[in-house]
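One-letter residues, chain by chain:
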Amino acid sequence: MIKGYLRKSNELLDELISQTQLDIANIKEGKHKSVPESVENKNRLIAEFKAVKKQLDDTLISLSDNGKKNLAELLDEEDKAELGNFKNKLESLHVINKEYAKLVIIVKNFFDGLLNNMFDQGSGTNNAYANSKTDAASLFKLNV
């Protein structure tokens, strides 16, 4: 049972890492149309990972008799190796997510700066069109 949970957890982490690397490549290329699908896919993977991780935790706790037995004694070499892979993949995902977050912040700051350059936030003056008054929020409203 533990082997299955560890294997599934590692597979899900691999998928999350791959998806995040793809997201990083898409950001660098300016391909933003894939964002909604990527977010949906990542949310699904994260929910699935949480469920498998909880099952793994529950199984390990029950095997260790609620923490009374040492897990090192309960796990065979294959399980220990998979657990090591699990830890390494979590660390890799952490590093990749940090890189992803930096890129997202750079893109956000770029668009915030662009908006601030186009519109004087205090007065509502539209700098792109001389002295026209425009409410920045109205730019993002859809008139039907």
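Before going into details, it helps to say that this report is about the structure given with it. (Residues numbered from 1 in each chain as written. Predicted model: local features only at pLDDT ≥ 70, side-chain atom pairs only at ≥ 80, totals over all residues. Heavy atoms only, no water.)

In the contact formed by helix 1 (residues 2-29) and helix 2 (residues 35-63), the axes pass within 9 Å of each other and the chain directions differ by 155 degrees. Between helix 1 and helix 2, the angle falls in the class roughly antiparallel. Where helix 1 crosses over helix 2, the handedness of that crossing is left-handed. For the contact of helix 1 with helix 2, the class distribution of residues is 13 nonpolar, 7 polar and 7 charged. (Axes fitted to C-alpha atoms, helices over the stretch in contact; angles between N-to-C directions. Helix = DSSP H or I, 4+ residues; strand = E, 2+ residues; numbered from the N terminus. Parallel < 35°, antiparallel > 145°, perpendicular 65-115°, else oblique. Left-handed = near helix turned anticlockwise from the far one by under 90°. Nonpolar A, V, L, I, M, F, W, Y, C, P; charged D, E, K, R; others polar.)

What follows covers the pattern of salt bridges. Applying the stated criterion across every chain yields a total of 13 salt bridges. Between Lys8 and Glu48 there is a salt bridge, and its shortest N-O distance comes to 3.1 Å. Residue Lys8 is found in helix 1, and its partner Glu48 is found in helix 2; the two are separated by 40 residues along the sequence. For Lys31, the salt bridge is made with Glu29, and the minimal N-O distance between the two is 2.9 Å. Among the residues examined, Lys31 registers a relative accessible area of 49% and is labelled partly exposed. Put simply, Lys3, Asp76 and Asp79 are held in one network by salt bridges that share partners. (Salt bridge = Lys/Arg side-chain N within 4 Å of Asp/Glu carboxyl O. Buried < 20%, exposed > 50% of the residue type's maximum accessible area, 1.4 Å probe, protein only.)

The next subject is helix 1. For helix 1, which comprises 28 residues, the first-to-last C-alpha distance of 41 Å matches the rise-based estimate of 40 Å (1.5 Å per residue) to within 8%. Positive backbone phi, approximately 75 degrees, marks Gly30, located one or two places after helix 1. (Expected span 1.5 Å × (residues − 1).)

Another aspect to go through is the layout of surface pockets. Of the pockets and cavities examined, the largest pocket occupies roughly 160 Å³. Along its surface, the largest pocket is lined by Asp23, Asn26, Ile27, Lys31, His32, Ser34, Val35, Ser38, Val39, Tyr100, Val104 and Val107. Residue assignment for the lining of the largest pocket shows that the elements contributing at least two residues are helix 1, helix 2 and helix 4 (77-118). Residue composition of the lining of the largest pocket, by class: 6 nonpolar, 4 polar and 2 charged. (1 Å grid on protein atoms, 1.4 Å probe; cavity = no way out; pocket = protein on both sides within 12 Å on 5 of 7 lines; lining within 4 Å. Points joined across faces, edges and corners; volume = space filled by probe spheres on them.)

The next subject is the nonpolar core. Counting residues in hydrophobic clusters, the biggest one holds 19 residues, and the most contacted among them are Ile2, Leu12, Leu13, Phe49, Leu56, Leu60 and Leu93. Of all the elements in the fold, those that place two or more residues in this core are helix 1, helix 2 and helix 4. Broken down by element, the residue count for this core peaks at 9 residues, all from helix 1. (Core = buried A, V, L, I, M, F, W, Y, C linked by side-chain atoms within 4.5 Å.)

This next bit is on the side chain of Asp23. Relative to the helices and strands, Asp23 is located in helix 1. The residues touching Asp23, leaving out its near neighbours within four places in the chain, are Ser38, Lys42 and Tyr100. (Contact = heavy atoms within 4.5 Å.)

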